[in-house]
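Now for the letters of each chain:
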Amino acid sequence: VYLETLTVPEMVRQMTTRECDVAISTVPLNEPLLAAKSLGHWTLVCAFPQGHPFEALKSVGLRKVVAEPLVGFSAETPQGRFVWEWCQSHGTTFAPRIQVRSGLNACAMVAQGAGVAVVDDLTARAYGQGAVLFRPIPKAPETEVLAVTNRQVAPSALLKAFVGLVGSALRRAKQQQLSVGTTVTSR
């Protein structure tokens with residue numbers, strides 16, 4: 001297994017040229033050679049440093065989040081467009097003072113006190129650093145997590161098993177989140 005984080009154009013290129021077997025994507029891809037299967041969903045949460053006033057809250061409203069110094073996705077990224085459009089639809093402006101291309105980078109900046117961030121709940125679970133805490137944002141949108149394959153290549157048993165494991169992990173993460181309430185924390 002070789003794991004790599006790619007931009008969408010590079011992911012499409014590698015999938016269409018058969019350089020990789022599967023891509024796990026949160027961005028729908030408009031490429032006829034590629035097929036996408038939904039594995040689950042993610043939603044947005046607020047990431048903030050330990051000791052921040054948000055720590056006392058069970059959830060953080062969008063207006064409170066955007067009033068803070070923000071670390072956020074660049075508007076040129078798919079995640080950035082998603083967050084920026086969501087904020088606009090709620091009459092708020094998303095104006096990060098630090099722009100990143102990765103939720104993990106946003107969390108690293110938050111850990112260093114650079115501000116708060118809006119990241120997906122999967123990144124929140126994966127970050128695992130005690131210096132960063134997470135809270136849900138009420139009515140945050142969800143988006144699909146997709147397994148993308150090349151239609152011209154029959155999936156191997158290993159590929160099917162891998163995709164099944166990713167789907168199972170997403171379902172377990174969602175169930176854990178529901179069983180502990182709405183607070184997503186990392187310690």
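As a convention, each chain's residues are numbered from 1 in the sequence order in which they are written. Thresholds applied to this predicted model are a pLDDT of at least 70 for local features of residues and 80 or more for the giving and counting of side-chain atom pairs; totals over whole chains, interfaces and linings are not thresholded and use all residues. The basis for the side-chain values is all heavy atoms of the structure; hydrogens and waters are excluded.

Peer 1: How should the overall build of the chain be read in this particular structure?
Peer 2: Runs of H or I in DSSP of at least four residues are treated as helices and runs of E of at least two as strands, each being numbered from the N terminus. Of regular secondary structure, the chain possesses six helices and seven strands. Ordering the α and β elements of the chain from the N terminus gives α-β-β-α-β-α-β-α-β-α-β-β-α. Taken over C-alpha atoms, the radius of gyration comes to 17 Å for the chain, in line with the 16 Å a tight globule of 187 residues would show. With the C-alpha coordinates aligned to their principal axes, the bounding extent of the chain is approximately 50 × 35 × 30 Å. When the 187 residues of the chain are sorted by exposure, 41% land in the buried category. Relative to all contacts within the chain whose residues are 6 or more apart in sequence, the contacts with residues 24 or more apart total 75%. Here the Shrake-Rupley method, with its probe set to 1.4 Å, supplies the accessible areas, and only the displayed protein chains count as covering residues. Surface exposure of the chain reaches about 10300 Å², of which carbon and sulfur atoms provide 54%. For the radius of gyration, the atoms used are the C-alpha atoms, and the globule rule reads 2.2 Å times the number of residues raised to 0.38. Throughout this description, buried means an accessible area under 20% of the type-specific maximum (1.4 Å probe, protein chains only), exposed means over 50%, and partly exposed covers the range between. Contacts are assigned to residue pairs with any non-hydrogen atoms lying within 4.5 Å of each other.

Peer 1: Help me out: how do you make sense of the environment of Val 71 in this one?
Peer 2: Within the secondary structure, Val 71 sits in strand E3 (residues 70–73). Separated by 27 residues in sequence, Val 71 and Ile 98 have C-alpha atoms that sit 4.8 Å apart. When residues no more than four places from it in sequence are discounted, the contact partners of Val 71 are Pro 96, Ile 98, Val 100, Ala 106, Met 109, Ala 114, Gly 115, Val 116, Ala 117 and Val 118.

Peer 1: Just to check I follow, could you spell out the pairing of E3 for this structure?
Peer 2: Regular strands place their side chains on alternate faces of the sheet. Only when DSSP finds a minimum of two bridges between them are two strands counted as paired. In this structure, E3 lies alongside strand E5 (residues 116–120), joined through two bridges in parallel fashion. Bridge pairing links Leu 70 to Val 116 in E5. Pairing of E3 with strand E4 (residues 98–100) involves three bridges; the strand directions are parallel. Among the inter-strand pairings, Val 71 is bridged to a residue of E4, identified as Ile 98.

Don't take any of this as a statement about function, it's just geometry.
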